[in-house]
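Spelled out from the first residue to the last, the chains are:
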Amino acid sequence: MLVLTQGDPASIAPEITAAVWQKLRQNGPAFVYVGDPSLLERRVPVQTIRYLSDGAAVFGHALPVLPLKLATPPAPGEPDRRNAACVLESIRLVTELTLSGEASAMITNPISKEVVQGAGFRHPGHTSYLAELCQTPGNEVMLLAGPSLKVVPITVHVALRDAIAQLSTDLIIRTARTVAAGLQRDFALPHPRLAFAGLNPHAGEHGLMGREEQDIILPAINALRSEGLNVSGPLPPDTMFTPHARAQYDVALCMYHDQGLIPLKTLDMAEGVNVTLGLPVIRTSPDHGTAFDIAGQNKADPRSLKAAIKLAAILAANRRKNT
């Protein structure tokens, strides 16, 4: 059984959750929502359950909910820190259910970091918080997957000048190992092809436009090749995302956040999925945020959440086969 977190109750999470249940209720994959049922009751039939195992029998006629209680009724588009504790409790409980093996995979609805910081949240995002809950801090890697492209930002939610400062041969090697292992185990790619973007224009032009390719990226690539990994690069970032170039690799490893997420969201915004590699559990999420500006207006596109749920089921099945 898959489990889905509540997300921020004032965000688009309730409406896309209800919309996705409507789309999946007949053929699945089935999931259980962990959150306050009042967020969904006006949208779809809801049935609270006591045990996760009860969810499959319910899913065809109602959205099964393991209930939590919000501190205060939310207003769409108006985030309220009083509900931060419930948001975090949903994440904690879903992680616990997945770690225990009761759930096969977890999907997380979007949260507002500003809101949950009011309840003691001190992380740059979901990913590092989940790593802490799983007691595997430092191993987590964010992969964005869409129908056209998979990307991994080697440095993530930091300012660009800090991303360049953080970049190191060791970080590239550790990230690539996690990515290769994740693609083999969860994506069923026995020999994944990893392509590395350069940092500088034209991948540095052999040092004429910067030394990072020569001094940091190439040593990592050579080390990974010596381990038997199929790696290429550093490739000029302005040409490595063309259709022809994308056909030559399975995942692009990018040196900073926007270098990877701009092409991914340009190509696959509606169906992009955030996957966390390096955890002992399967975790996916839609590749978008809370969208408070349109919350409650029934304008939100549920396709990314639907893709995240369907991909979670596929990854869980692959992991079962490979473990």
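Residues numbered from 1 in each chain as written. Predicted model: local features only at pLDDT ≥ 70, side-chain atom pairs only at ≥ 80, totals over all residues. Heavy atoms only, no water.

**Regarding the UniProt feature "binding site: substrate" (unreviewed entry) in the chain**
Link 1 in the chain: When the UniProt feature table is mapped to this numbering, "binding site: substrate" (unreviewed entry) covers H126, T127, K265, N274 and R283.
Link 2 in the chain: On the basis of relative accessibility, which here comes to 14%, the residue T127 falls in the buried class.
Link 3 in the chain: Here T127 is in contact with E140, T276 and R283, once residues within four sequence places are set aside.
Link 4 in the chain: Along the polypeptide, N274 turns up in strand 11 (residues 273–277). (UniProt positions renumbered as here; feature names shortened; annotations may be inferred. Buried < 20%, exposed > 50% of the residue type's maximum accessible area, 1.4 Å probe, protein only. Contact = heavy atoms within 4.5 Å. Helix = DSSP H or I, 4+ residues; strand = E, 2+ residues; numbered from the N terminus.)

**Observations regarding the sheet that holds strand 8 (residues 193–197)**
Link 1 in the chain: The strand order across the open sheet built from 12 strands is 3-4-2-1-5-12-11-6-7-10-8-9, with neighbouring strands paired in mixed fashion. Because the sheet does not close on itself, it has two edges, and the strands there are strand 3 (46–48) and strand 9 (230–235). Pairs of neighbouring strands in the sheet enclose a mean axial angle of 30°, with direction left out of account.
Link 2 in the chain: Across the sheet, helix 1 (residues 13–24) lies against strand 1 (2–5), strand 2 (31–35) and strand 4 (63–67), angled at about 165° from strand 2, the strand it touches most.
Link 3 in the chain: Each of strand 1, strand 2, strand 4 and strand 5 (105–107) touches helix 3 (residues 84–99); the most contacted strand, strand 1, lies at about 165° to it. (Pairing = 2+ DSSP bridges. Axes fitted to C-alpha atoms, helices over the stretch in contact; angles between N-to-C directions.)

**As for the pattern of salt bridges**
Link 1 in the chain: The full count for this structure, using the stated rule, is 11 salt bridges.
Link 2 in the chain: The shortest N-O distance in the salt bridge between E96 and R92 comes to 2.8 Å. With E96 and R92 both in helix 3 and four residues apart, this pair spans about one turn of that helix.
Link 3 in the chain: The residue D170 makes a salt bridge to R174 at a minimum N-O spacing of 2.8 Å. Separated by four residues within a single helix, D170 and R174 lie in helix 7 (residues 169–185), roughly one turn from each other.
Link 4 in the chain: Residue classification places D170 among the partly exposed residues on the basis of a relative accessible area of 45%.
Link 5 in the chain: Here R174 falls in the partly exposed class, since its relative accessible area comes to 39%.
Link 6 in the chain: Salt bridges linked by common partners bring E89, R92 and E96 together as one network. (Salt bridge = Lys/Arg side-chain N within 4 Å of Asp/Glu carboxyl O.)

**Considering the side chain of T276**
Link 1 in the chain: Relative to the assigned elements, T276 resides in strand 11.
Link 2 in the chain: For T276, a relative accessible area of 4% puts it in the buried group.
Link 3 in the chain: Looking at T276, its side chain comes within polar contact range of the side chain of R283, at 2.8 Å.
Link 4 in the chain: If we skip the residues at most four places from it in the chain, T276 touches T127, E140, V141 and R283. (Polar contact = N/O pair within 3.5 Å; in protein donor to acceptor, adjacent residues only side chain to side chain.)

**Focus: unusual backbone geometry**
Link 1 in the chain: For the bond from G28 to P29, the omega torsion is 5°, close enough to zero to count as cis.
Link 2 in the chain: Mapped onto the fold, P29 is located in the loop between helix 1 and strand 2.
Link 3 in the chain: For the bond running from G233 to P234, omega is -5°, close enough to zero to count as cis.
Link 4 in the chain: Within the fold, P234 resides in strand 9.

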